[in-house]
Amino acid sequence: MPALSEVLAALDALWPPERAEQWDAVGPVCGDPDAEVGRVLFAVDPVQEIADEAVTLGADLLVTHHPLYLRGTTTVAASTFKGRVVHTLIKHDIALHVAHTNADTADPGVSDALAGALDLRIVGPLVPDPSDPAGRRGLGRICELAHPMTLADFTAYAAARLPATAQGVRAAGDPDREIRTVAVSGGSGDSLFADVRAAGVDAFLTADLRHHPASEATQHTQDPRHGPPALLDAAHWATEWPWCEQAAAQLDAVSDRHGWGLRTHVSRTVTDPWTAHAASAPRTTPTNTTGAPS
């Protein structure tokens, strides 16, 4: 079996840490470089449920997309939930490695996996990485649908294709609008509205859309004949989970080339924090603040 240091070198080759954003916290969090690795678990979030799953699985390495300590810390005490994760992993000789924004912009990266989950044809990156002469790396992806759909149908299609969450997928725009092209970005994407408009796509699928940016985006019209792109807001976890399967397959390929015989697993545990959803019931008569008919 390979040493942890060898596996981490392979992961850094797939998702170079120097391509992460400066504010990010990627790379190894814990683990003995000389320890042997035979089983690897991939997941989105380094939360206690995932740490416990890694223990039950007998994993030697846990690879997550989200960092454990994004803003730094002064303690790993087990009395804190993040410290308890660290204690659980170390007590069971499980290393933790993070690939976050360096995986977002990779080729293939998080948005490639998202596009693949939706069976979209990728045209190119939404925000190209200027350091990539091939023009394949970058944030988000511009895609084409296999055949046109209405926004309502595409929203239902996306909800069916992505992992199930309490939120599902919500949309902003005319439900009958025809969608042929779509930009996708795994994770929080409301900082990319200008790039989406510049791309001229019919819709933008991402996560964590907030009221004010989304409201402004739906009012922003560059071409009155076309209107602003429709918006589709999925759960953050659901837009990034497909990367885990893609990443596991990439490490499998590396393992096969080196003859390591690694066994890779993808966690199916839903770590999206939202656990329930109820659709609003339409009101036929507005009410005032006392609850009496207006």
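Just so it is clear, the model here is predicted, and its values are computed rather than measured.

Caption draft 1: Inspection of the overall build of the protein at higher detail. Summing up its helical and strand segments, the protein has nine helices and eleven strands in all. For a compact globule of 294 residues, the expected C-alpha radius of gyration is about 19 Å, and the protein comes in at 21 Å, within 12% of that figure. Counting only C-alpha atoms, the protein reaches 65 × 55 × 30 Å along its principal axes. Long-range contacts, defined as pairs at least 24 residues apart, comprise 69% of the intrachain contacts of the protein with a sequence gap of at least 6. For the protein, the centre of its 21 positive side-chain charges and the centre of its 37 negative side-chain charges are spaced 3 Å apart.

Caption draft 2: Structural view of the pattern of salt bridges. One pass over the structure, following the stated rule, counts nine salt bridges. Its salt-bridge partner being Arg-137, residue Asp-129 comes within 3.3 Å of it at the nearest N-O pair. Arg-137 carries the same exposure label as Asp-129, and that label is buried. For Arg-137, the salt bridge identified is with Asp-132, shortest N-O distance 3.9 Å. The exposure class assigned to Arg-137 is buried, which follows from its relative accessible area of 12%. Owing to a relative accessible area of 10%, Asp-132 belongs among the buried residues under this scheme. Counted as one network, the salt bridges with shared partners bring together Asp-129, Asp-132 and Arg-137.

Caption draft 3: Inspection of the sheet that holds strand β4 (residues 95–98) at higher detail. Across the sheet, which stays open at both edges, the five strands sit in the order β1-β4-β3-β2-β11 with mixed pairing between neighbours. Each edge of the sheet is formed by a strand with only one pairing partner; in this case those strands are β1 (27–30) and β11 (263–266). Within this sheet the neighbouring strands show an average axis-to-axis angle of 25 degrees, counted without direction. Summarising the sheet, strand β2 (residues 39–43) and β11 pair through four bridges and their orientation is parallel. Its bridge partner lying in β11, Leu-41 is registered against His-265. Contacting β2, β3 (61–64) and β11, helix α9 (residues 236–258) crosses the sheet at an angle of about 175 degrees to β11.

Caption draft 4: Region of the structure containing empty space enclosed by the protein. For the structure shown, the criterion picks out one cavity of 30 Å³ or more. Together, Phe-193, Val-196, Arg-197, Ala-217, Pro-229 and Leu-231 line the largest cavity. With three residues, helix α7 (residues 193–199) is the largest single contributor of residues to the lining of the largest cavity. Split by residue class, the lining of the largest cavity holds five nonpolar, no polar and one charged.

Caption draft 5: Looking closely at the pairing of strand β6 (residues 138–150). Here six bridges tie strand β5 (residues 121–128) to β6, and the two strands are oriented antiparallel to one another. Bridge pairing in β6 places Ile-122 opposite Cys-143.

Caption draft 6: Broad picture of the environment of Val-63. Within the secondary structure, Val-63 sits in strand β3. In the structure, Val-63 is positioned 171 residues away from Ala-234 in sequence and 23 Å away in space, judged by C-alpha atoms. Residues in contact with Val-63, not counting those within four places in the same chain, are Leu-11, Val-40, Leu-41, Phe-42, Ala-43, His-97 and Trp-243.

Reading the values: rules and limits
Residues numbered from 1 in each chain as written. Predicted model: local features only at pLDDT ≥ 70, side-chain atom pairs only at ≥ 80, totals over all residues. Heavy atoms only, no water. Helix = DSSP H or I, 4+ residues; strand = E, 2+ residues; numbered from the N terminus. Rg over C-alpha atoms; globule rule 2.2 N^0.38 Å. Contact = heavy atoms within 4.5 Å. Lys, Arg positive; Asp, Glu negative; His and termini not counted. Charge placed at Lys NZ, Arg CZ, Asp CG, Glu CD. Salt bridge = Lys/Arg side-chain N within 4 Å of Asp/Glu carboxyl O. Buried < 20%, exposed > 50% of the residue type's maximum accessible area, 1.4 Å probe, protein only. Pairing = 2+ DSSP bridges. Axes fitted to C-alpha atoms, helices over the stretch in contact; angles between N-to-C directions. 1 Å grid on protein atoms, 1.4 Å probe; cavity = no way out; pocket = protein on both sides within 12 Å on 5 of 7 lines; lining within 4 Å. Points joined across faces, edges and corners; volume = space filled by probe spheres on them. Nonpolar A, V, L, I, M, F, W, Y, C, P; charged D, E, K, R; others polar.

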